[in-house]
Amino acid sequence: MRQLDKLWEYQQADKKVADYETEIRQFPLRVQLLKLRNIVADQQTVVRGMENDANKALERLEELSTQRDRAAETFEQIGKDLEANAYETAAQVRKAIQQMTDAETALKNAEKELAKMVSHSQMMENRYKEVRLKARDEYTRLKGNYDKEFEKQTAQLEELKKQRAEVGEQVDPKYMERYKAVRGQCFPAMARLNNDQCSGCNMSLPSAVAKQLQGSDEIIECENCGRILYMPDAQ
């Protein structure tokens, strides 16, 4: 048996491994688990954003509280000044009192806004907890089933890799080295030459290539895609 024939058999075993690895990645239970993980992550992001908004509102409330305290001090001072007849006109008194009233009004508005945000945050947090608990329970259930199936898949994958390795032992290291180099660029790395056409890229090649390849053990690559061309002796 030619080295190219052995290398072709190796590719068949290699393809089985690659196909099964793809099947594992696309396994429905695995996809569902990833979706559940993303749902939990999205909910956590929402909650963190709401917490940041609440903290900003709290900072604003503290700022307004300081203004209110200053307004209270102003109000008290106004009273003392009134008793001492420190104001020349009633307009000055009214202006000072209005400043204090404005600060207290702003504070009340901030308190209402904060209460609304806290209430909304609590509602979203409760919703998040509900979604998280459901997702966790569903995740636990699916993961239990997935772990059992994954154990079987892993065993099957290892068996396929073992078969691939056994076939690979029959291939000359030089051929295997070239195969792996081409595989790094495109897969499958080998392509049949059918009717002077590369089955990998469907490029038509000179008829001389088929004559050169027929019965030969020489590595000849497609001038278009770079795959190793293969043609069985029987063809």
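Residues numbered from 1 in each chain as written. Predicted model: local features only at pLDDT ≥ 70, side-chain atom pairs only at ≥ 80, totals over all residues. Heavy atoms only, no water.

Undergrad: If you had to explain the overall build of the chain to someone new, which residues and values would you point to?
TA: Regarding its fold elements, the chain presents 5 helices and 3 strands. Each helix and strand of the chain, placed in order from N terminus to C terminus, yields the pattern α-α-α-α-β-β-α-β. Within the chain, contacts between residues at least 6 apart in sequence are counted, and of these 71% link residues at least 24 apart. (Helix = DSSP H or I, 4+ residues; strand = E, 2+ residues; numbered from the N terminus. Contact = heavy atoms within 4.5 Å.)

Undergrad: Help me get a handle on the side chain of Gln3, residues and values and all.
TA: Along the polypeptide, Gln3 turns up in helix H1 (residues 3-25). When its relative accessible area of 16% is taken as the criterion, Gln3 is described as buried. Once residues lying within four places of it in the same chain are set aside, the contact partners of Gln3 are Gln170, Val171, Asp172, Tyr175 and Asp217. (Buried < 20%, exposed > 50% of the residue type's maximum accessible area, 1.4 Å probe, protein only.)

Undergrad: Give me the packing of aromatic side chains: which residues, what numbers.
TA: For any pair of aromatic rings, the description consists of the separation of the ring centres together with the inter-plane angle of the planes. Considering all chains together, one arrives at 2 aromatic pairs under this definition. A ring pair is formed by Trp8 and Tyr230, whose centres lie 4.6 Å apart and whose planes are at 10°; its orientation type is stacked. Placement of Trp8 in helix H1 and of Tyr230 in strand E3 (residues 228-230) is noted, with a sequence separation of 222 residues between them. The pair Trp8 / Tyr230 is uniform in exposure class, with both members buried. A centroid spacing of 5.4 Å and a plane angle of 85° characterise the contact between Tyr10 and Tyr179, whose relative ring orientation is edge-to-face. A residue pair is termed long-range when its members are at least 10 positions apart, and Tyr10 in helix H1 and Tyr179 in helix H4 (residues 173-183) qualify at 169 residues. The exposure classification of Tyr10 matches that of Tyr179, with both residues buried. The ring centre of Phe187 lies 4.1 Å from the NZ or CZ of Arg183, which sits over that ring. (Phe/Tyr/Trp six-rings, centres within 6.5 Å; stacked < 30°, edge-to-face > 60°. Lys NZ or Arg CZ within 6 Å of the ring centre and 35° of its normal.)

Undergrad: Pulling in residues and values, what's your account of the environment of Ala165?
TA: Within the fold, Ala165 resides in helix H3 (residues 90-168). Here the alpha-carbon distance between Ala165 and Tyr10, two residues 155 residues apart in the chain, equals 8.3 Å.

Undergrad: Talk me through the pairing of strand E1 (residues 190-194); I want residue IDs and the actual numbers.
TA: Judged from the 3 bridges that link them, E1 and E3 form a sheet pairing that is parallel. Residue pairing in the sheet places Met190 in a bridge with Ile228 of E3. The pairing of E1 with strand E2 (residues 197-198) spans 2 bridges and is classified as antiparallel. Note on E2: the bridge partner recorded for Leu193 is Cys198. With antiparallel pairing between neighbouring strands as the criterion, E1 and E2 make up a hairpin whose turn holds 2 residues, including Asn195 at a positive phi of roughly 50°. (Pairing = 2+ DSSP bridges.)

Undergrad: Run through the sheet that holds E1, naming residues and quoting values.
TA: Reading across from one edge, E2-E1-E3 is the order of the 3 strands in this open sheet, with mixed pairing throughout. Looking at the sheet topology across the chains shown, the edges are occupied by E2 and E3.

Undergrad: Describe the nonpolar core, with residues and values.
TA: Ranked by internal contacts, the top residues of the largest apolar core, which has 25 residues, are Leu4, Leu7, Tyr179, Met190, Leu205, Leu213 and Leu229. Secondary-structure elements contributing two or more residues to this core are H1, H4, E1, helix H5 (207-213) and E3. Not counting residues within four places of it along the chain, the set of residues in contact with Leu213 comprises Arg2, Leu4, Leu193, Glu218, Ile220, Leu229, Tyr230 and Met231. (Core = buried A, V, L, I, M, F, W, Y, C linked by side-chain atoms within 4.5 Å.)

Undergrad: Tell me about the pattern of salt bridges, and please be specific about residues and values.
TA: Overall, the coordinates contain 5 salt bridges when judged by the stated rule. Its salt-bridge partner being Lys15, residue Asp19 comes within 3.1 Å of it at the nearest N-O pair. Here Asp19 pairs with Lys15, and both are found in helix H1, just 4 residues apart, close to one helical turn. The class for Lys15 is partly exposed, based on a relative accessible area of 33%. A salt bridge links Arg178 to Glu221, with the shortest nitrogen-to-oxygen separation between them at 2.6 Å. (Salt bridge = Lys/Arg side-chain N within 4 Å of Asp/Glu carboxyl O.)

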